[in-house]
There are 2 protein chains.
Amino acid sequence: MKISISKSHLSDAIQHVSKAISSRTTIPILGGIKFDVAYHGVTLTASDTDISIQSFIPAEQDNKTVVAVEKVGSVVLPAKFFVEIIKKLPTSEIEMEVGSGFQTFIRAGATDIQLVGLDPEEFPVLPSIEENRVLSVPGDLLRHMIRQTVFSISTQETTPILTGVMWSLKEGQLKFVATDRHRLATRTVRLEGTEDLEFNNVVISGKTLNELSKIIPDQNTLVDIVVADNQVLFKVDRVLFYSRILDGLYPDTSKIIPSSHKTRLLLDTKNLSESIDRAYLLSREEKTNIVRMQTLEAGGIEISSSSTELGRVQEEIQLAEFEGEQLRLSFNSKYMLDVLKVIESEQLTIRFTGVMSPIIIEPTDDSNSLYIILPYRTTN
Amino acid sequence: MKISISKSHLSDAIQHVSKAISSRTTIPILGGIKFDVAYHGVTLTASDTDISIQSFIPAEQDNKTVVAVEKVGSVVLPAKFFVEIIKKLPTSEIEMEVGSGFQTFIRAGATDIQLVGLDPEEFPVLPSIEENRVLSVPGDLLRHMIRQTVFSISTQETTPILTGVMWSLKEGQLKFVATDRHRLATRTVRLEGTEDLEFNNVVISGKTLNELSKIIPDQNTLVDIVVADNQVLFKVDRVLFYSRILDGLYPDTSKIIPSSHKTRLLLDTKNLSESIDRAYLLSREEKTNIVRMQTLEAGGIEISSSSTELGRVQEEIQLAEFEGEQLRLSFNSKYMLDVLKVIESEQLTIRFTGVMSPIIIEPTDDSNSLYIILPYRTTN
């Protein structure tokens, strides 16, 4: 292969695919980026076997030459070093030429680079996915849905299925669920025109979803999603993002969500968030993150935490509405702050069914999200 | 003590003194901030015994009350948690009151905090320094001089004296020297009106100088410096910064700097910097940082590095001037980049006396700085 390519286009494509490069791999070919040069453009591919990302650079764009192809061909270049050096080359055009034994020459101005290339035949083959059933979701909505659920996944590799977010689509409702057994986050959205599509138990690794989020551009783009047997394909502009679906059956979480409650509070999100943040700061020093919440007879609630070594923080918050029984319980304030960070509505409701029953938090906007935190069993 | 104090003024003062709080101390009192309340204002002090910082908050500023003092007194509050919570309090005015046993109450809006305070009598006493001989240096100049030398200090605790920058003042010339035995950085500046002052072998820890730099504001401020037997005091606005002078005699570096040379190059700083940066990227993968430089018979120099695993980078740079013998040598590219980062002039000169002799780098502006790097002994 021999090409002359625009540095900025190449850098962007490298940026996209580099998220799939495994930095700690013992298989050298997986630490590389595959170049496939055809006359209509260059395809870059990287894969850590869990996720694979492909980015296409067209030979021409807006009537301008992006890649001048002199000779087609393929090569795998080690991503380490290569990713960094490209950005730092002195010219806006870069020459790349593959010689014998995949030896690759890169030239830019007075800079000459020789790279030890690898055989592209050894590179993993991407899964083939039939694209007959495509689900289109606005990019910013998808990013939001990921952000509002992914923090609740489990980080423990002992329950691999819980390290993912469970997606399901039924009757036009796309639903995300994440839980680590101590907390749960769900977000549902109505997608018009998807009534003929249906899937369930599509569990995608939280780490993968975070990487996917970074690839979705800020401007309004549609992300095309194709769900296959054990793979999902996301198409974002000229980038193809393949992810493995996690093996196993996701637990049925519908029974965890209580339908009734004994106490219901309506209050200001920002007030609650700031109060819990201050109480959290002290509880963090105790390494427990325990914060207490109790309703006050005189109205309002009290948020407090204490540390034998340092002292005590006590906060009072007014309620917009209160209904039901007086209550006093303890919870992990870090979990509560994680929820409050992703709630965008000005007010929220908190419902309790008892001291040891789940705490249910819901924004008052129509975002169709619901959060659950299990309280701590404490003696005081 | 009992006061009502402006949150922003208190936060700023905490910000200043917190740089002297030792986070890993086993002596609780050193993890605290001392409050001394008098009717004219509040003094905050923190100390890790190597450095001590004091910041004064006046009771009044620009005819506005900053601190309303109801009762004078002193207390030491644990910095951990306290430093963070103050910024997050909900009101712009904060009430502080010390009760029995140094129990301290902090009130802001609906937030009530109780802190376990410590006895101020147990706090270390600051050194008393006679201020009869004060050296005034513009803040931005001092920051520059620190930045242009401190990177060359040794990080090895086995030679404690080399972990500092050596200051000397003689005949109106303030000079900074830093070396780790493999490289050396010096910067000299002429300070008018200091001819009656003189000191030598004032070695200040590089870590301390970095902290001092952060305290010097961006706008043009004079820093007053008082050198005593084993302490230096820096006065920046309302902040007093005390530093210990390192024990021991700094090595005589004057003999290391060669007076003659066999080869002299004049070249563009940016070109050299970018070329070496690219060669460094590859040499870093070999964990040696070895980069080769050689003069070319046809003119110019070649910069190169190679990695058995990855390949080779080769750069050619034009020279503005060349005089003397052809030369080829290897050096630590990280050391060279550190120097090139702090050189502000467009061009620089490099002088060599031989393959194993020091490389001397000097900017062509009149900044009076000089850098030395020892080359590597390599076979090729």
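Residues numbered from 1 in each chain as written. Chains lettered and ligands numbered in written order. Predicted model: local features only at pLDDT ≥ 70, side-chain atom pairs only at ≥ 80, totals over all residues. Heavy atoms only, no water.

Q: Could you give an account of the overall build of chain A, naming the residues involved and the relevant values?
A: In terms of regular secondary structure, chain A is built from six helices and 28 strands. If one aligns the C-alpha atoms of chain A with their principal axes, the spans along those axes are about 80 × 55 × 40 Å. Across the 380 residues that make up chain A, the buried fraction comes to 54%. Considering only contacts in chain A between residues 6 or more positions apart, those separated by 24 or more positions represent 65%. A total of about 17700 Å² of accessible surface is found on chain A, and carbon and sulfur atoms cover 46% of it. In chain A, which carries 39 positive and 51 negative side-chain charges, the distance between the mean positions of the two groups comes to 4 Å. (Helix = DSSP H or I, 4+ residues; strand = E, 2+ residues; numbered from the N terminus. Buried < 20%, exposed > 50% of the residue type's maximum accessible area, 1.4 Å probe, protein only. Contact = heavy atoms within 4.5 Å. Areas by Shrake-Rupley, 256 points an atom, 1.4 Å probe, with all protein chains shown as cover. Lys, Arg positive; Asp, Glu negative; His and termini not counted. Charge placed at Lys NZ, Arg CZ, Asp CG, Glu CD.)

Q: Before we move on, can you summarise the interface of chain A and chain B with the specific residues and values?
A: Facing the 30 residues of chain A at the interface are 30 residues of chain B. At the boundary of chain A with chain B, total buried surface from both sides reaches about 2700 Å², with 54% on carbon and sulfur atoms. Connecting chain A to chain B are six salt bridges. Where A:Glu84 meets B:Arg284, a salt bridge forms, and the shortest distance between an N and an O atom there is 2.8 Å. Run the count over chain A and chain B and you get 20 residue pairs in polar contact (both at pLDDT 80 or more). Only α2 (79-87), β11 (111-116), α5 (269-285) and β23 (311-317) of chain A provide two or more residues apiece to the side of chain A that touches chain B. Looking at chain direction, β11(A) and strand β23 (residues 311-317) of chain B are connected through five bridges and run antiparallel. Bridged to A:Asp112 within β23(B) is B:Gln314. (Buried area = accessible area lost by both parts, 1.4 Å probe. Salt bridge = Lys/Arg side-chain N within 4 Å of Asp/Glu carboxyl O. Polar contact = N/O pair within 3.5 Å; in protein donor to acceptor, adjacent residues only side chain to side chain. Pairing = 2+ DSSP bridges.)

Q: Mind laying out the packing of helix α1 (residues 7-17) of chain A against α2(A), listing which residues take part and the relevant values?
A: Residue and element names in this part refer to chain A. The interhelical angle for the contact between α1 and α2, taken along N-to-C directions, is 145 degrees, at an axis separation of 9 Å. Our pair here, α1 against α2, has a crossing hand that is left-handed. Residues Lys7, Leu10, Ser11 and Ile14 of α1 touch α2, and the partners they reach there are Phe82, Val83, Ile86 and Lys87. Residue composition of the contact of α1 with α2, by class: five nonpolar, one polar and two charged. (Axes fitted to C-alpha atoms, helices over the stretch in contact; angles between N-to-C directions. Left-handed = near helix turned anticlockwise from the far one by under 90°. Nonpolar A, V, L, I, M, F, W, Y, C, P; charged D, E, K, R; others polar.)

Q: A description of the environment of A:Thr104 should follow, citing residues and the corresponding values.
A: Residues and elements named next belong to chain A. Mapped onto the elements of the fold, threonine 104 is located in strand β10 (residues 103-108). Residue threonine 104 is classed as buried on the basis of its relative accessible area, which comes to 0%. It is 62 Å that separates the C-alpha atoms of threonine 104 and glutamate 309, two residues lying 205 residues apart in sequence. Reaching out from threonine 104, the side chain makes a polar contact with the backbone oxygen of phenylalanine 102 at a distance of 3.1 Å.

Q: A description of unusual backbone geometry should follow, citing residues and the corresponding values.
A: Residue and element names in this part refer to chain A. Not every positive phi belongs to a glycine, and phenylalanine 81 is a case in point at roughly 70 degrees. As for its placement among the helices and strands, phenylalanine 81 is situated in helix α2. Using a relative accessible area of 1% as the deciding quantity, one classes phenylalanine 81 as buried. Notably, arginine 181 is not glycine yet its phi reads approximately 85 degrees, a positive angle. Relative to the assigned elements, arginine 181 resides in the loop between β14 (173-179) and β15 (183-190).

Q: Now, about the pattern of salt bridges: what can you tell me, with residues and values included?
A: Scanning the entire structure with this criterion turns up 48 salt bridges over all chains. With a shortest N-O distance of 3.6 Å, A:Arg264 and A:Glu323 are connected by a salt bridge. In this pair, A:Arg264 is assigned in strand β20 (residues 263-268) and A:Glu323 in strand β24 (residues 321-324), connecting sequence segments 59 residues apart. On the accessibility criterion, A:Arg264 (19% relative accessible area) is buried. Measuring nitrogen to oxygen at the nearest pair gives 3.3 Å for the salt bridge that ties B:Lys2 to B:Glu70. With a gap of 68 residues between them, B:Lys2 in strand β1 (residues 2-6) and B:Glu70 in strand β7 (residues 67-71) connect regions that are remote in the sequence.

Q: Can you explain the relation of the copies chain A and chain B? Please cite residues and give values.
A: Rotating chain A by 180 degrees and moving it 0.0 Å along the rotation axis overlays it on chain B with an RMSD of 0.0 Å. These values place the two chain copies in the arrangement generated by a two-fold rotation axis. Mapped onto chain B, 100% of the interface residues of chain A again fall at the interface, so both copies present the same surface. (Least-squares fit on C-alpha atoms with pLDDT ≥ 70 in both.)

Q: Could you give an account of the side chain of A:Ser52, naming the residues involved and the relevant values?
A: Residue and element names in this part refer to chain A. Relative to the assigned elements, serine 52 resides in strand β4 (residues 51-58). At 2.9 Å, the side chain of serine 52 forms a polar contact with the side chain of serine 47. With residues near it in sequence (within four places) discarded, serine 52 still touches Ala20, Ala46, Ser47, Leu126, Leu240, Phe241 and Tyr242.

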